[in-house]
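Okay, here's what each chain looks like letter by letter:
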Amino acid sequence: MPPGIGFFSGISVTSDSVISTMLAMLAAFAEWYLDNLSAETTKGKKQRAKKGLWNGLPPLGYQSNDTGDLEVVPGEAELIKVAFEKYATGVYSYADIAVLLNGRGLRTRPWGASRGKPRPFTKDASRAMLTNPFYAGRIAYRGRDARKRGQPLFSTDGQHTAIISAELFDQVQRARNQRFTGHRGKANYATAVYPGTG
């Protein structure tokens, strides 16, 4: 190296504390971004629900047409209506309805945005269907947890075609209440009529 010319390195030494601070800032920004994205997604779903639009994949009994609107699948819709009518009599249990639908070849749909495979009905799947006001033309919004039970945050008229009447849906809910009042979790086997046995 010629005399009078020094050497200067372009590489600066950064302390561990500065690096830790930068990583903490990046982590905080990432957390804020995810929280904001989740909030915006929830907001969008809430606005769709208020307009009477369904969020996620079409429920059993419906399919999306070329314009993105929901239309009734006749074969599935007929069996869904039969299930509501049978349960409204008060002598069918959730398990009975599952046996009935499975015997007719009906299978469940993947939930929400899931891409899982259709499965045979269970008593829980029957309960979920029989308590869903969507089939009576209503949209029930439950916030971020769409699967939770209890009263929805709000309910509004849907833009889709109902498969059953509001009266039939109410009859089913009354039958559910009568069935489980005083003996919650116990089926009324003494009066149950099992599908396929007459």
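Everything that follows concerns the structure shown earlier in this document.
Remarks on the overall build of the protein
Looking only at helices and strands, the protein features five helices and four strands. The helix and strand sequence of the protein, counted from the amino end, reads α-β-β-α-α-α-β-β-α. Residues counted as buried form 26% of the 198 residues belonging to the protein. In the protein, the share of contacts with a sequence separation of at least 24, taken over all contacts with a separation of at least 6, comes to 60%.

Overview of the packing of aromatic side chains
The geometry of an aromatic ring pair is captured by the separation of the ring centres together with the interplanar angle, meaning the angle of the planes. Using the criterion set out here, one finds seven aromatic pairs in the structure. Residues phenylalanine 84 and phenylalanine 169 carry aromatic rings whose centres are separated by 6.4 Å and whose planes lie at 40° to one another, so their mutual orientation is tilted. Residue phenylalanine 84 is found in helix H2 (residues 74–88), and its partner phenylalanine 169 is found in helix H5 (residues 166–180); the two are separated by 85 residues along the sequence. Both residues of the pair, phenylalanine 84 and phenylalanine 169, count as buried. Joined through ring pairs, the aromatic side chains of Tyr62, Phe84, Phe134, Tyr135 and Phe169 make up one cluster.

A few points about the nonpolar core
Residues Phe84, Leu101, Phe121, Met129, Leu130, Tyr135 and Ile164 are the most contacted members of the largest nonpolar core, which totals 28 residues. The set of elements that each furnish at least two residues to this core consists of H2, helix H3 (94–103), helix H4 (123–130) and H5. With six residues, H2 is the largest single contributor of residues to this core. Those residues in contact with isoleucine 164, other than ones at most four positions away along the chain, are Lys81, Phe84, Tyr135, Ala136 and Phe169.

What about the side chain of histidine 160?
Looking at where histidine 160 falls in the secondary structure, it is placed in the loop between strand S4 (154–157) and H5. According to the relative accessible area criterion, histidine 160 is buried, its value standing at 10%. Separated by 2.7 Å, the side chain of histidine 160 and the backbone oxygen of phenylalanine 134 make a polar contact. Setting aside anything within four residues of it in sequence, one finds histidine 160 in contact with Tyr62, Leu70, Phe134, Gly137, Arg138 and Ile139.

Some remarks on the pattern of salt bridges
One pass over the full model with this rule turns up two salt bridges. Of the charged contacts in the structure, one is a salt bridge between glutamate 76 and arginine 109, with a shortest N-O distance of 3.0 Å. Of this pair, glutamate 76 sits in helix H2 while arginine 109 sits in the loop between H3 and H4, placing them 33 residues apart in sequence. A salt bridge links aspartate 157 to arginine 138, with the shortest nitrogen-to-oxygen separation between them at 2.5 Å. One end of the pair, aspartate 157, is in strand S4; the other, arginine 138, is in strand S3 (residues 138–141), and 19 residues separate them in sequence. Here aspartate 157 falls in the exposed class, since its relative accessible area comes to 52%.

Observations concerning H2
For H2, built from 15 residues, the straight-helix expectation of 21 Å at 1.5 Å per residue is met to within 8% by its first-to-last C-alpha distance of 21 Å. Considered for burial, the residues of H2 that qualify are Glu76, Ala77, Leu79, Ile80, Val82, Ala83, Phe84 and Tyr87. Lining the buried residues of H2 we find strand S1 (62–64), strand S2 (70–72), H3, H4 and H5. Downstream of H2 by a residue or two, glycine 90 has a phi angle that is positive, lying close to 90°.

A closer look at the side chain of glutamate 76
Taking relative accessible area as the criterion, glutamate 76 reaches 19% and is therefore assigned buried. At a separation of 3.0 Å, a polar atom in the side chain of glutamate 76 contacts the side chain of arginine 109. Those residues within four positions of glutamate 76 in sequence are excluded, and the remaining contacts are Leu60, Gly61, Tyr62, Leu106 and Arg109.

A short note on the packing of H2 against H3
Running from amino to carboxyl end, H2 crosses H3 at an angle of 150°, the nearest separation of the two axes being 10 Å. Of the possible angle classes, the one that applies to H2 and H3 is roughly antiparallel. Here the hand of the crossing between H2 and H3 comes out right-handed. Contact residues: Leu79, Val82, Ala83, Lys86 and Tyr87 in H2; Tyr94, Ile97, Leu100 and Leu101 in H3.

Cut-off values and rules
- Residues numbered from 1 in each chain as written.
- Predicted model: local features only at pLDDT ≥ 70, side-chain atom pairs only at ≥ 80, totals over all residues.
- Heavy atoms only, no water.
- Helix = DSSP H or I, 4+ residues; strand = E, 2+ residues; numbered from the N terminus.
- Buried < 20%, exposed > 50% of the residue type's maximum accessible area, 1.4 Å probe, protein only.
- Contact = heavy atoms within 4.5 Å.
- Phe/Tyr/Trp six-rings, centres within 6.5 Å; stacked < 30°, edge-to-face > 60°.
- Core = buried A, V, L, I, M, F, W, Y, C linked by side-chain atoms within 4.5 Å.
- Polar contact = N/O pair within 3.5 Å; in protein donor to acceptor, adjacent residues only side chain to side chain.
- Salt bridge = Lys/Arg side-chain N within 4 Å of Asp/Glu carboxyl O.
- Expected span 1.5 Å × (residues − 1).
- Axes fitted to C-alpha atoms, helices over the stretch in contact; angles between N-to-C directions.
- Parallel < 35°, antiparallel > 145°, perpendicular 65-115°, else oblique.
- Left-handed = near helix turned anticlockwise from the far one by under 90°.

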